[in-house]
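Structural overview for review
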Number of protein chains: 2
Amino acid sequence: MCMVSRWEPNARGRLVEAALALYVERGFEQTTVMEIAKRAGLTERTFFRYFTDKREVLFWGAASLQELFVDTLRSVPESVVPIDAVAATLNVVAGVFQERREFALQRQSIIAVNPELQERELIKLASLTAAIAQALRSRGADELAADLVAHAGIAVFKVAFEGWVASAGTNDLAHMFSESFAELKLATGAGA
Amino acid sequence: MCMVSRWEPNARGRLVEAALALYVERGFEQTTVMEIAKRAGLTERTFFRYFTDKREVLFWGAASLQELFVDTLRSVPESVVPIDAVAATLNVVAGVFQERREFALQRQSIIAVNPELQERELIKLASLTAAIAQALRSRGADELAADLVAHAGIAVFKVAFEGWVASAGTNDLAHMFSESFAELKLATGAGA
DNA sequence: TATGTTGATGTCAGCGAGTGACATCGCAGC
DNA sequence: GCTGCGATGTCACTCGCTGACATCAACATA
């Protein structure tokens, strides 16, 4: 009578939750898609309607992270040089990760022990790099500079994020980003 | 009588050759491991004794590339600052790619159209990055600087290599590396 | 009210990647 | 000649993933 729908709502969310729990409990490889689907009250086939593969369920947030990056970057005045615009963007992004500290750490602990998941993470970061480069180009940066600055920004992100995770999220991520940027400028500027 | 061995020699080489040919002929996804093995005169099971998976056959050279990188880096005098040591190393590496131009381009054309292969390429480059960072640390660089310079070097490598492939290998790779390094220094140094 | 359409889900059959266990058999050393 | 070894083959199996088709509540519309 008052059933709003034929099925429980938020199937995708239930699948994410179930997958995360099982990956933590028994590891990624030891978890089958059928188990995830069963726990979410769905079938294996339905899992693959929501996620292209077993790994993707852990990277559902990648698209919104990319969106955040690009939108933030666009909001920085064009007078700011690319490298500083990226630094400013990372500063904003840091907040998002600190807010979701627990989730980020748990997720990273799953990825850290599985090469397949690391591969997926790397290609998401590559996609992010391309998006940043594109955004820089539309700010007027030339091709080569846009690509290199985007890569530099992601390098800083990777290195600092890794350090943040190693500190169990106790350090200030934005501060680590700044430090890494400073070190990068120092290390690249010292030559020649 | 004069059979040197019970089996044809160089099984691994035959598998690589067969795989490459088939990947070019009909694409990576459309090729089954059984087909590769058959063409090499072996069985599917034997393929998996030589390569952990279907993708790895295209990345057999990654280990020697990493070795080349690290050895070359070690041979640069310690008085040279990290970023310049990496630049010098890339200069040497460029030669290896120019020598194998045809192979490199063909291989890249296979990888370029397949996300799975791109993922594998990225994790190989990540491994290379870690090895470079380690080599820099053993040259006396501090943790953070080593990581960042290694990432910067690989970023230059990626961007310039991409450009080289786009030019069908007609440009001078070493020159493109230099240009990218210069641009990176400019772009990171311009801020603050 | 009857009827048709839609969209999320289920069912089923199948392919191909990858693995473990065991068999085979030439070759090298004893 | 016997024996152990190492490279290969055979077989059976799990699991990720896909295509084709069925189901069925909800909704629209006549």
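Everything numeric here is computed off the predicted structure, so don't read it as measured data. (Residues numbered from 1 in each chain as written. Chains lettered and ligands numbered in written order. Predicted model: local features only at pLDDT ≥ 70, side-chain atom pairs only at ≥ 80, totals over all residues. Heavy atoms only, no water.)

Here we take up the relation of the copies chain A and chain B. Rotating chain A by 180° about the axis while translating it 0.0 Å along that axis superimposes it on chain B, leaving an RMSD of 0.0 Å. In symmetry terms, the pair is related by a two-fold rotation axis. For chain A, the minimum C-alpha distance to the rotation axis belongs to A:Glu119 and amounts to 2.6 Å. (Least-squares fit on C-alpha atoms with pLDDT ≥ 70 in both.)

Neighbouring DNA strand D are 22 residues; A:Arg6, A:Lys54, B:Thr46, B:Arg49 and B:Tyr50 lie closest to it. Sugar and phosphate atoms constitute 56% of the interface atoms of DNA strand D, taking the interface as everything within 4 Å of the protein. At a separation of 2.7 Å, a phosphate oxygen of DNA strand D approaches a polar backbone atom of A:Lys54. The separation between a phosphate oxygen of DNA strand D and a polar side-chain atom of B:Tyr50 is 2.3 Å. In the surface near DNA strand D, the residues fall into seven nonpolar, six polar and nine charged. (Near = heavy atom within 4 Å. Polar contact = N/O pair within 3.5 Å; in protein donor to acceptor, adjacent residues only side chain to side chain. Nonpolar A, V, L, I, M, F, W, Y, C, P; charged D, E, K, R; others polar.)

In this section: the protein's contact with DNA strand C. In the vicinity of DNA strand C lie 20 residues, with A:Thr46, A:Arg49, A:Tyr50, B:Arg6 and B:Lys54 positioned nearest. Backbone atoms, meaning sugar plus phosphate, form 55% of the atoms of DNA strand C positioned within 4 Å of the protein. Taking A:Arg49, its side chain carries an N or O atom lying 2.6 Å from a base oxygen of DNA strand C. A distance of 2.7 Å is found between a phosphate oxygen of DNA strand C and a backbone nitrogen or oxygen belonging to B:Lys54. For the surface near DNA strand C, the element with the most residues is helix H3 (residues 44-50) of chain A, which contributes four residues. For the surface near DNA strand C, a count of residues per class yields six nonpolar, six polar and eight charged. (Helix = DSSP H or I, 4+ residues; strand = E, 2+ residues; numbered from the N terminus.)

Quick look at the packing of aromatic side chains now. Counted by the stated rule, this structure contains 20 aromatic pairs over all chains. Between B:Phe97 and B:Phe161, the ring centres sit 5.3 Å apart and the planes meet at 65°, which makes this aromatic pair edge-to-face. Taken together, the residues span a long stretch of sequence, with B:Phe97 in helix H5 (residues 82-99) and B:Phe161 in helix H8 (residues 143-166) at a distance of 64 residues. By relative accessible area, B:Phe161 is classed as buried at 9%. Taken together, the ring pairs connect A:Phe69, A:Phe97, A:Phe157, A:Phe161, A:Trp164 and A:Phe177 into an aromatic cluster. When the ring centre of B:Phe59 is taken as origin, the NZ or CZ atom of B:Arg107, which lies over that ring, is 5.0 Å away. (Phe/Tyr/Trp six-rings, centres within 6.5 Å; stacked < 30°, edge-to-face > 60°. Buried < 20%, exposed > 50% of the residue type's maximum accessible area, 1.4 Å probe, protein only. Lys NZ or Arg CZ within 6 Å of the ring centre and 35° of its normal.)

Next up on the list: the packing of helix H4 (residues 62-75) of chain B against helix H7 (residues 115-137) of chain B. All names here are of chain B. Interaxial distance between H4 and H7 falls to 10 Å at its minimum, and their mutual angle equals 20°. Here H7 runs roughly parallel to H4, going by the angle between their axes. Seen along the crossing, H4 lies across H7 with a hand that is right-handed. Judged by residue contacts, Ala 62, Leu 65, Gln 66, Phe 69, Val 70 and Leu 73 of H4 engage Lys 124, Ser 127, Leu 128, Ala 131, Ile 132, Ala 135 and Leu 136 from H7. Grouping the amino acids of the contact of H4 with H7 by side-chain chemistry returns 10 nonpolar, two polar and one charged. (Axes fitted to C-alpha atoms, helices over the stretch in contact; angles between N-to-C directions. Parallel < 35°, antiparallel > 145°, perpendicular 65-115°, else oblique. Left-handed = near helix turned anticlockwise from the far one by under 90°. Contact = heavy atoms within 4.5 Å.)

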